[in-house]
Amino acid sequence: MEEARLVNKADCTSAGHYRFGRPGVECYCQHESGAAVIQLQFLINEGALVSALADDSVHLWNLRQKRPAILHSLKFSRERITFCHLPFQSKWLYIGTERGNVHIVNVESFMLSGYVIMWNKAIELSSKAHPGPVVHISDNPMDEGKLIIGFESGIVVLWDLKSKKADYRYAHDEAIHSVAWHHEGKQFICSHSDGTLTTWNVRGQGRPIQTITPHGKQPKDGKKPEPCKPILKVEYKTTRTGEPFIIFSGGLSYDTVGRRPCLTVMHGKSTAVLEMDYPIVDFLTLCETPYPNDFQEPYAVVVLLEKDLVVIDLAQNGYPIFENPYPLTIHESPVTCCEYFADCPVDLIPALYSVGSRQKRQGYSKKEWPVSGGNWGQGTLSYPEIIITGHADGTVKFWDASAIMLQVLYKLKTAKVFDRNRSKEDKGSTEVSDEDPFAIQIMAWCPESRMLCVAGVSANVIVYRFSKLEVTTEVVQLLEVRMQSELNETDSPDGGGEPTSAHHTPGASPHTSGPPSQPSTSSNNSDGGNMPCLKVRSTPLKQSAGYQVDLVVQLVWVSGEPPQQITSLALNSSYGLVVFGNSNGVAVVDYIQKTVVLNLGTVELYGSNDPYQRQPRSPRKSRQPSGGLCDINEGSATSEDRCKSPTSVLMSNTNLHQFYNGGGRGVLLSVCPPRGANPLDHRDNSFSRSRSSSVTSIDKEAREAISFFHFCETFARKGDSTLTPCLFVGTSLGTVLVLVLTLPPAGEQRQLQPVIISPVGMLVRLKGSVLRMAFLDSSGSLLPPSYDPWYEPNVTTDGEEKVPKRRPVSVSPSTSQELSESQYTVVCSEKQAKVISLPSQTCIYKHNITETSFILRADVVQMSQGVCVACFCANGHIKTLSLPGLRPLMDVNYLPLTDMRIARTFCFTNLGQAMYLCSPTEIQRITYSQETCENLQEMLGELFTPVETPEAPNRGFFKGLFGGGAQSLDREELFGELAAGKASRSLAQHIPGPGGIEGMKGAASGVVGDLARARIALDERGQKLGELEERTAAMMASADSFSKHAHEMMLKCKDKKWYQF
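Residues numbered from 1 in each chain as written. Predicted model: local features only at pLDDT ≥ 70, side-chain atom pairs only at ≥ 80, totals over all residues. Heavy atoms only, no water.

### Let's talk about the overall build of the protein
A count of helices and strands for the protein gives 14 helices and 58 strands. The buried share of the protein, reckoned over its 1061 residues, is 55%. Sequence-distant contacts, at least 24 apart, represent 61% of the contacts inside the protein between residues at least 6 apart. Here the protein has roughly 47000 Å² of accessible surface; of this, 51% comes from carbon and sulfur atoms. (Helix = DSSP H or I, 4+ residues; strand = E, 2+ residues; numbered from the N terminus. Buried < 20%, exposed > 50% of the residue type's maximum accessible area, 1.4 Å probe, protein only. Contact = heavy atoms within 4.5 Å. Areas by Shrake-Rupley, 256 points an atom, 1.4 Å probe, with all protein chains shown as cover.)

Below is the structure:
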């Protein structure tokens, strides 16, 4: 049964929400109260679900619509709900309470029945003690009129619903946690708090027929085994051809300290103990039949863990697990950053899936994932979407986010590059981030060339290339970079506008690409610095297909001070350059030649045109390392309150200037806790702005940090007539600076000749930190940065290595620049946006986006009808502006900023999509595209797929003749209002829900809504008429059969006398 399998995947969580369905069919439901979900019960093959919450409310969900909604709710006011049971094909729900009573609810009307099983009537009259809360309710598989009720104290009662009295009572010394029936209804098994399992005969009194302690040590003298931990749940499943399965969670011996949580499977004489990575919340055995009175034939066990969902194959030896297709590993390690890419190259997802599939562990079950409920949506929108998440343990995960799916494609472990075994001598250099030294802080990715660059919290940058071939890297390529601290009177930069010693430095030759075996030495080597925060491994590194390390860049300690956190990052595959920056300055690395091209202090980028009057800072007495994921402008003044003018020393005393940017992430947020605190918890619950948008303090100015980079081919200087490769640098003070790149010709010359970078001064200034830049052509179309298409970096089968050709950006400047402007540059800061015309460098549009708040994230995105700027403000507003005119298009008060996680992870992408982490474990995707909104209903999957209910098990001739088969019960006759009366109104309050046919909001309004509602009503009516027609036909067939048999009997007996009978 499709929906019987749908039952298997309903994850309930403490946050009060759950999701269902086969891979690709996901639905997110949440109760308004936010109370924890304690139990779920499906109405199998009915398209409905009952949920019981910790706030003592019960809800009925309609799953027949794409967006499930609550039909009815029932809120108990005098009793706490502890257990629910809904028999198969029944409309009466049993609810057990903390007081020991059992109430009955009609699922159709969601009204309480007057029939109540009171605890004092269930237990023996001679017993004066309260039996405790109800922990289990279920009906006898062979007799629906017999209900078994388990109380926490150890008492079990078999209640006769018709006679309203207890048939049998079973008492045990130990508390009960769960009860499970044998399918024949003659035995049941109980799990207890001392780790024992007791088996009872239904008609037996007094003692159980068997008591075992599965994990207890058996004493030699025949005494009772030592008590074990409680067995929290047990299930008893039978098979036609073999021994039954007894499956339970818990019950381990108390001396197994440190052992992971386990699920135990007992089958005949074999006992298998299956260890889990996280504590077990619940488990459910999947069986071939929904009928409890037939052989169950179990084939799998679904185990819900605190942070995962595991499905175990019972049919294979060794009980392997199924490969999980759900994205439950988002929080396997806490997410520290993420990026979202829509409309990617079509070959990207297959390529990532191909290398990701090779990473999968061996030993999975060979069968398909057994949860197969629902159908995929039929949306017409389809373009590749990829989400990349960076994690605290240094892993990077690529996710397929196309349509409304989220599936992991590939996992990269960046920590493999580093030596995890730190010696005592190195401990001092690792103080920067002891909690998560490998945490990913910023990511830069070029989808076309598949180049990836990540910046870690320990001031390291790693460049990766994508390869389909496995390689072994003998020596990891390494660059160590110094960024000097103090600015004094004699260190003032030279006049701006000229190349900064990039072409006359002896260490700039391409032969410096070999990794140094030891930290670099310099004239300042005696100052206790030159040590990186992490040690790169010196042993050969085996790299499987996928992303492979090309270069590691590390900032080293200077004068006993840790390197500053990297605040911005960018790469360009066409130029072969990676750039990164922090509060000290900028560094540009040529990853083709493995050299530092530029290492320049922020002050020196201005040259002689520095608008700020900066003063030198005296050295601090107390030197504190900057910990966690701290923003470079956040924290105490003792840590950051000075300008740092780098005098970089590379591996071979290369005095080149260097810079680095952070993927468009603003530097305005405190992303890290004080040392000793949990970095992620603190980060999630604290939000502080690190600086004012209008900075006037000289101290603040002296700490100008790099906030954004952008590579492009444009007009570098005012009045230029030719396009030049450039690097634009945005700072935390709102300044945009321009660096001109002089690149060698492609091919062999690119491997040998140096890249020359020349600062040309300031382009524009804005209020607040620069967050985003982009370039448009004269028609207003977006100009993407140039890139190289991907090529296989490793040697091909014929022994030749492919040499990439640089692909220029597809822009041809106008022959007459005096007559027409050829490009526009868009710059967005925390407060405002400006559009600058090039090459005249005049501001043609300006818009103050916010006065009272500030922007957390801004992106220039491509929509189906054009280009716009999308902004997310700290006050929760999402705004979009047209380009190049900067006209406001949308302003929605979407989400007030409640914690740092949202600020850290919010990002926009093309075609009106955006995302953020709404909790440590969940990605929330939103859209501001009208086209996507119109197609969303079609994109959603169908949860309910009606299937034919299996035929009930055959009772057999003798069981039908002499009894012993399944006994049915007319529950309506017992629990209906005519027989049982009305329940007390003060016990529970009925609350009509907004869902179902009446309140459905799936098809918005107007004629469309009316048509949709009419269509659904017709479907419902048609379905009911179909059922009525089938019942009528069955009744007619039954009547014909009865008439036929009556006529035969009449003919047979017509001529007999009375004494012949």
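### Points about helix H10 (residues 930-939)
Burial in H10 covers these residues: Thr932, Asn935 and Met939. Here the buried residues of H10 occupy an arc of 80° about the axis, which is enough to place them on one side. Turned more than 90 degrees away from the buried face of H10, the exposed residues are Gln930 and Glu934. On its buried face, H10 is in contact with strand E56 (913-919) and strand E57 (922-927). (Arc of directions from axis to C-beta.)

### With respect to the UniProt feature "repeat: WD" (unreviewed entry) in the protein
Sites flagged by UniProt as "repeat: WD" (unreviewed entry) map to residues 169-203. Helix makes up 0% of residues 169-203 and strand makes up 57%, while its end C-alpha atoms are separated by 10 Å. (UniProt positions renumbered as here; feature names shortened; annotations may be inferred.)

### A word on the sheet that holds strand E51 (residues 855-863)
Within the open sheet, the 4 strands sit side by side as E51-E52-E53-E54. Their pairing is antiparallel. Sheet topology places E51 and strand E54 (888-893) at the edges, where each strand pairs with a single neighbour. Averaged over all adjacent pairs, the angle separating strand axes in this sheet is 15°, with direction ignored. Sheet topology note: the strand E53 (residues 877-882)/E54 ladder contains 5 bridges and is antiparallel. (Pairing = 2+ DSSP bridges. Axes fitted to C-alpha atoms, helices over the stretch in contact; angles between N-to-C directions.)

### What about the sheet that holds strand E15 (residues 176-181)?
Reading across the sheet, the 4 strands line up as E15-E16-E17-E18 and stay open at both edges, with antiparallel pairing between neighbours. A single partner strand is all that each edge strand has here, and the edge strands are E15 and strand E18 (210-212). For this sheet, the mean inter-axis angle between neighbouring strands, taken without regard to orientation, is 20°.

### Considerations on unusual backbone geometry
Cis geometry marks the peptide bond from Leu838 to Pro839; its omega dihedral reads 10°. Following Leu883, the chain continues to Pro884 via a peptide bond in cis, the omega torsion being 5°. Structurally, the position occupied by Pro884 is in the loop between E53 and E54. Of note, Ala459 is a non-glycine position whose phi angle comes to about 60°, a positive value. Topologically, Ala459 is positioned in the loop between strand E31 (451-456) and strand E32 (460-467). In this structure Ala459 comes out as buried when scored by relative accessible area, which is 3%. Positive phi, normally seen in glycine, also occurs at Lys594, with a value near 60°.

### Let's talk about the nonpolar core
Formed by 36 residues in total, the largest nonpolar core has its most connected members in Phe398 and Tyr547. Once you skip the residues sitting within four places of it in the chain, Tyr547 turns out to touch Leu352, Phe398, Tyr410, Leu412, Trp445, Arg450, Met451, Leu452, Tyr464, Arg465 and Phe466. In terms of nonpolar packing, the next biggest core, distinct from the first, is built from 25 residues, Ile442, Ala444, Cys446 and Tyr787 among them. (Core = buried A, V, L, I, M, F, W, Y, C linked by side-chain atoms within 4.5 Å.)

### As for the pairing of strand E30 (residues 440-446)
The buried fraction of E30 is high, at 7 of 7 residues. The sheet contact formed by E30 and E31 spans 6 bridges and is antiparallel. Counterpart to Ile440 in the pairing with E31 is Gly456. Linking E30 back to E31 in an antiparallel pair, the connection comprises 4 residues, with Arg450 at a positive phi of about 65°.

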